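Here's the letter readout for the chains.
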Amino acid sequence: MSVYPAPEAGDEYKHFHHADTESQALLPTTADRDLEVASTPKSSFFSIPSLPCSHGCLQIFLAFCGGVITCLLVQVVVTPHSWFSADSPAHADLLAPPYVGSTEVHNFPPASPTNVFPSLFPTDVGHAGPTPTGAEPALIATAPSYPIHSGAAHLVSPTFASANNKSHFDLFKHWGNLSPWYSVGKGAFGLDSGPEAPETCRVTGLHLLHRHGARYPTEWASYGGPAVFASKLHKVASKWTATGSLSFLNDWTYKLGEEILTPFGRQQLFDLGVSMRMKYGFLLKNFTETNTLPVFRTESQDRMLSSALNFAIGFFGYPFEGQYQQSITIEADGYNNTLAPYKTCPNGGITSKTDRAQPYVKQWASIYLANALARLAPQLPGFNLTIEDVYTFQQTCAYETVAIGYSKFCELFTEEEWEGFDYAMDLYFWYDSAFGAPLARALGVGYTQELVARLTHTPIATHNTSTNSTLDGSEATFPLNQSLYVDATHEVVVLHVITALNLTTLATEGPLPADHIPSHRTFKASQLAPFATNIQFQLLSCDSVPDPQIRVIINDGVVPLTGIRGCPVQKDGMCPVATFIEAQKQIIAETDWEYVCHGDWEVPAGPAWNTTTGCPPAQ
């Protein structure tokens, strides 16, 4: 009988039958065993055999004892760790069970439940009681301070011992784009100002761009990838065993789905919706006054639509029907879509142009994970553990935590190694999606066109980028006079937009080096593109300045706009709306979508060529 449970295989692994007839013949039959028991006198293990077979039985007995001693000596010589290592588990000499690394799936809800009676469980039975509403909240204007979002409710992190017991290491802030979004705080981007309206100013409008919530990983990855590693581990389960801190792998299964939101991801967007209603609910008065409903946008991917709807439930409450309209653009090849602009950019499918980060990430991983590999490889005898595998352990920590609440993989690394992982994510997104990526500005400029159209209340005149002329050309699907706009997209698009806007204070350390972490880097993926990241384009009317003002606030951190032509150095990050618009119009005019997305240009891999503006080599 197997000592390993088989969580998905039913009874398949519970019994091992001896099908080999030769092996069966070598085993004693029941009758033989009964006869042997009946004819053997009762004696202790070390008793002297009886005289009638004293010579032959004594030889057999001594040979048996010699064989036992020889086997013990061989085991001590061959596997000394299993005898003398204090941290080795009792089963360290056993191989991993065959199900290790296999995918574990719990399908809910059941496909055809037997107890479904819709007529007996209506959602509206009347008798609701009093339902008058109250005034809309306006926390952004009325509260003495701004609420801080910690970002990690319901998630559990291992404890990291600090050398001086004074600092608190927050693991969730060191996962790059896999971090949950959190309030970055004053000074994160260089300004000692918060999201609340500056003195003498009041908020008149908001354009919100946000990422989807925490999701399961993709099945494929260019480097690392939990699903890839799980499959690799599963294929050779009969050849390895784990010890020490990796002992949990001996019965580990892959519990992650693919790309859709996790329960925590759903909560993130619900909470974001509630938060925005509490801060900016008063902007809905404009819709009441104009007798219109807000139009929010998302796109068709499952996690994108689910994110938008969870946001809506948080913002409007249930049921949200009749309170707003949800525009769903299509994310697929051939459909123009500023929320997924790469789908109509052919050069976006060429690896040499879009995946420039890989050599940088590999180089940095070989440096910051060298000690981790040396520490962990001996704990997985029989498996050829690599730097990429150890890097994948860190990815799996993040993905498992946001999916199931806690991950044993998180316990395997030091604070310094987690800081190294966080920087690896910076390298990845700098060179693939932001200021160091040659397609970034062009892929973000379509959304910039839409932002300018909304700010000027003027339709887009020329659709020559990723904008959709059908949807953006309709006042119904792309209104231009709302006081509140909400768009859901991917983190890469958020970074494209940041690059296209020319927020250069976030790029001061570029190009990013692959051999060390810059001491004062301003580009951090965990602050700019975590799960549920959000950018507030905040519109203000101020008594202290004559013109309407705009601010850019990323995850509650105010960003300087000094990289935008004409925007002044201003302590609260404000820029006149007219100045902002003219600068963006110039960027739009200078961005050649046709050349960037369809042109025949090349860039060498690695540092031989670089950009800090998100543009390819000039024509």
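Quick caveat: nothing in here was measured; it's all calculated off a predicted structure.

## Looking at the nonpolar core
Then comes step 1: By size, the foremost hydrophobic cluster in this structure holds 107 residues, and its most contacted members are Trp175, Trp240, Leu249 and Ile498.
Then comes step 2: Contacts of Ile498, omitting those with residues within four sequence positions, involve Phe435, Leu503, Leu506, Leu528, Ile535 and Ile554.

## Describing the environment of Pro459
Then comes step 1: Mapped onto the elements of the fold, Pro459 is located in the loop between helix 15 (440–456) and helix 16 (469–472).
Then comes step 2: Between the alpha carbons of Pro459 and Leu480 there is a distance of 7.6 Å; along the sequence they are 21 residues apart.

## Topic: the state of the cysteines
Then comes step 1: Counting across every chain of the model gives 4 disulfides.
Then comes step 2: Across the disulfide from Cys345 sits Cys597; the S-S distance is 2.1 Å. Here Cys345 and Cys597 share a disulfide; its torsion about the S-S bond, -100°, makes the bridge left-handed. A residue pair is termed long-range when its members are at least 10 positions apart, and Cys345 in the loop between strand 3 (325–329) and helix 10 (351–354) and Cys597 in helix 20 (residues 593–598) qualify at 252 residues.
Then comes step 3: On the basis of relative accessible area, Cys597 is assigned to the buried category, the value being 0%.

## Re empty space enclosed by the protein
Then comes step 1: Under the criterion given, the structure shown has 2 cavities of 30 Å³ or more.
Then comes step 2: Space inside the largest cavity adds up to approximately 70 Å³.
Then comes step 3: If you trace the largest cavity, you find it lined by Arg297, Ser327, Thr329, Asn336, Asn337, Thr338, Glu450, Asn468, Leu471, Asp472, Thr477 and Phe478.
Then comes step 4: Taken together, the residues that form the lining of the largest cavity break down as 2 nonpolar, 7 polar and 3 charged.
Then comes step 5: By volume, the second largest cavity amounts to about 30 Å³.
Then comes step 6: In this structure, the second largest cavity is lined by His210, Phe296, Arg297, Ala308, Phe311, Tyr324, Gln326, Val486 and Ala488.
Then comes step 7: Going through the elements one at a time, strand 2 (295–299), helix 9 (302–316) and strand 4 (484–489) are the ones with two or more residues in the lining of the second largest cavity.

## Focus: the pairing of strand 1 (residues 201–211)
Then comes step 1: Of all 11 residues making up strand 1, 9 are buried, and the element is well covered by its neighbours.
Then comes step 2: As judged from the 9 bridges shared by strand 1 and strand 5 (residues 534–542), these two strands associate in the antiparallel manner. What sits directly across from Arg202, in strand 5, is Ser541.
Then comes step 3: Across 6 bridges, the pairing between strand 1 and strand 4 is parallel. Paired with His210 across the strands is Ala488, a residue of strand 4.

## Some words on the layout of surface pockets
Then comes step 1: Its boundaries defined by the atoms lining it, the largest pocket holds a volume of some 1300 Å³.
Then comes step 2: Lining of the largest pocket is provided by 44 residues; of these, Thr218, Trp220, Tyr428, Asp432 and Val492 occupy positions nearest its centre.
Then comes step 3: The element contributing the most residues to the lining of the largest pocket is helix 14 (residues 415–433), with 5 residues.
Then comes step 4: In the lining of the largest pocket, the residues fall into 20 nonpolar, 15 polar and 9 charged.

Analysis parameters
- Positions within a chain are numbered from 1, following the residues in the order the chain's sequence is written.
- Reporting in this predicted model follows two pLDDT cut-offs: at least 70 for local features of residues, and 80 or more for side-chain atom pairs to be given and counted; totals over whole chains, interfaces and linings ignore these cut-offs and use all residues.
- To obtain the side-chain values, all non-hydrogen atoms of the structure were included, while hydrogens and water were left out.
- Residue types Ala, Val, Leu, Ile, Met, Phe, Trp, Tyr and Cys, when buried and joined through side-chain atoms within 4.5 Å, form a set referred to as a nonpolar core.
- Only protein chains enter the accessibility calculation, which uses a 1.4 Å probe; a residue whose area is less than 20% of its type maximum is buried, one above 50% is exposed, and one in between is partly exposed.
- The contact rule is simple, with two residues in contact once any of their heavy atoms fall within 4.5 Å.
- By the criteria applied, helices consist of DSSP H or I runs no shorter than four residues and strands consist of E runs no shorter than two, each listed in order from the N terminus.
- Cysteine sulfurs are considered disulfide-paired once they come within 2.5 Å of each other.
- A 1.4 Å probe that fits into a set of points on a 1 Å grid over the protein atoms alone but cannot get out defines a cavity; an open set with protein on both sides within 12 Å along at least five of seven lines defines a pocket, and lining residues are those with an atom within 4 Å of a point.
- Grid points are joined across faces, edges and corners, and a volume is the space filled by probe spheres set on the points.
- Classification convention: Asp, Glu, Lys, Arg as charged; Ala, Val, Leu, Ile, Met, Phe, Trp, Tyr, Cys, Pro as nonpolar; all other residues, Gly among them, as polar.
- When DSSP finds at least two bridges between two strands, those strands are taken to pair.

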